Amino acid sequence: MTRLRLGLELHTTQTPLEWLPLILILLLIAAVISAIVKCCQTYAEEIQACVFCILDCFAAIFRCIMAIYLAIKWCLQRTWYPIKQACCFCCQCCDEFYHPYKKKVPYTH
């Protein structure tokens with residue numbers, strides 16, 4: 001590895017041999033992926049039943065997560081509105097107490 005220095009390390013250049021481990025790792029990953037694809041093509045019928053079982057499990061987990069999300073959303077909708085209304089009423093009462101001219105009452109003649 002060659003380094004150029006001007007007070008601080010500004011630029012690093014790599015020689016072709018330094019790329020060799022990266023190239024070997026990429027070739028290894030490609031070989032593993034091709035072996036998996038070949039096995040899947042060879043044993044497609046046997047693997048299909050297993051894949052459908054795994055997808056069914058994922059679907060059940062997803063439905064469970066969605067049911068929990070919708071239940072929490074429903075609870076928050078039913079509980080947050082009364083709390084919000086109470087806070088707004090409290091703020092309005094305090095505002096009317098400190099500023100009586102803002103009170104919304106009909107004036108008679």
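What counts and what doesn't
Residues numbered from 1 in each chain as written. Predicted model: local features only at pLDDT ≥ 70, side-chain atom pairs only at ≥ 80, totals over all residues. Heavy atoms only, no water. Helix = DSSP H or I, 4+ residues; strand = E, 2+ residues; numbered from the N terminus. Buried < 20%, exposed > 50% of the residue type's maximum accessible area, 1.4 Å probe, protein only. Areas by Shrake-Rupley, 256 points an atom, 1.4 Å probe, with all protein chains shown as cover. Lys, Arg positive; Asp, Glu negative; His and termini not counted. Salt bridge = Lys/Arg side-chain N within 4 Å of Asp/Glu carboxyl O. Contact = heavy atoms within 4.5 Å. Disulfide = S-S within 2.5 Å. pLDDT = per-residue confidence, 0-100. Patch = residues over 30% accessible without salt bridge, like charges linked within 9 Å, V, L, I, M, F, W, Y side chains within 5 Å. Expected span 1.5 Å × (residues − 1). Bend = angle between axes of the 7 residues up to and from the residue.

A. How the structure looks around the overall build of the protein. Along its length, the protein carries two helices and two strands. Ordered by position from the N terminus, the helices and strands of the protein form the series β-β-α-α. Counting every position in the protein, which comprises 109 residues, the buried fraction comes to 1%. When the accessible surface of the protein is summed, it comes to about 10400 Å², and 74% of that surface belongs to carbon and sulfur atoms.

B. A look at the side chain of Glu 96. Relative to the helices and strands, Glu 96 is located in helix H2 (residues 44–98). An unpaired buried charge is present at Glu 96: no salt bridge exists, and Lys 103, the closest side chain of opposite charge, is 5.3 Å distant. Those residues within four positions of Glu 96 in sequence are excluded, and the remaining contacts are Lys 103 and Lys 104.

C. Inspection of the state of the cysteines at higher detail. For the structure on display, the rule yields zero disulfides. Counting only cysteine sulfurs, Cys 40 is the nearest neighbor of Cys 39, a cysteine outside any disulfide, at a range of 7.0 Å. Given the relative accessible area of 42%, Cys 39 is considered partly exposed. Among the cysteines around Cys 93, which has no disulfide bond, Cys 90 carries the closest sulfur, lying 6.9 Å off. Relative accessible area serves as the criterion here: at 34%, Cys 93 is assigned to the partly exposed category.

D. Quick peek at the pattern of salt bridges. Per the counting criterion, the structure on display carries one salt bridge. Across the pair Lys 102 and Asp 95 runs a salt bridge whose closest N-O atoms are separated by 3.6 Å.

E. Representation of the confidence of the model for the protein within the structure. When pLDDT is averaged across the protein, the result is 84; 84% of the residues are at 70 or more. When mean pLDDT is compared element by element in the protein, H2 scores highest at 92, while strand E1 (residues 2–6) scores lowest at 53.

F. Inspection of a nonpolar patch on the surface at higher detail. The grouping of Trp 19, Leu 20, Leu 22, Ile 23, Leu 24, Ile 25, Leu 26, Leu 27, Ile 29, Ile 33 and Val 37 at the surface amounts to a nonpolar patch, some 1000 Å² of accessible area in total. The topology assignment puts Ile 23 in helix H1 (residues 20–42). Classification of Ile 23 as partly exposed rests on a relative accessible area of 43%.

G. Region of interest: H2. The terminal C-alpha atoms of H2 lie 77 Å apart, and with 55 residues this matches the ideal 81 Å at 1.5 Å per residue to within 8%. Taking the largest bend as the criterion, H2 deviates by roughly 25°, centred on Trp 80, and proline Pro 82 comes between one and four positions later.

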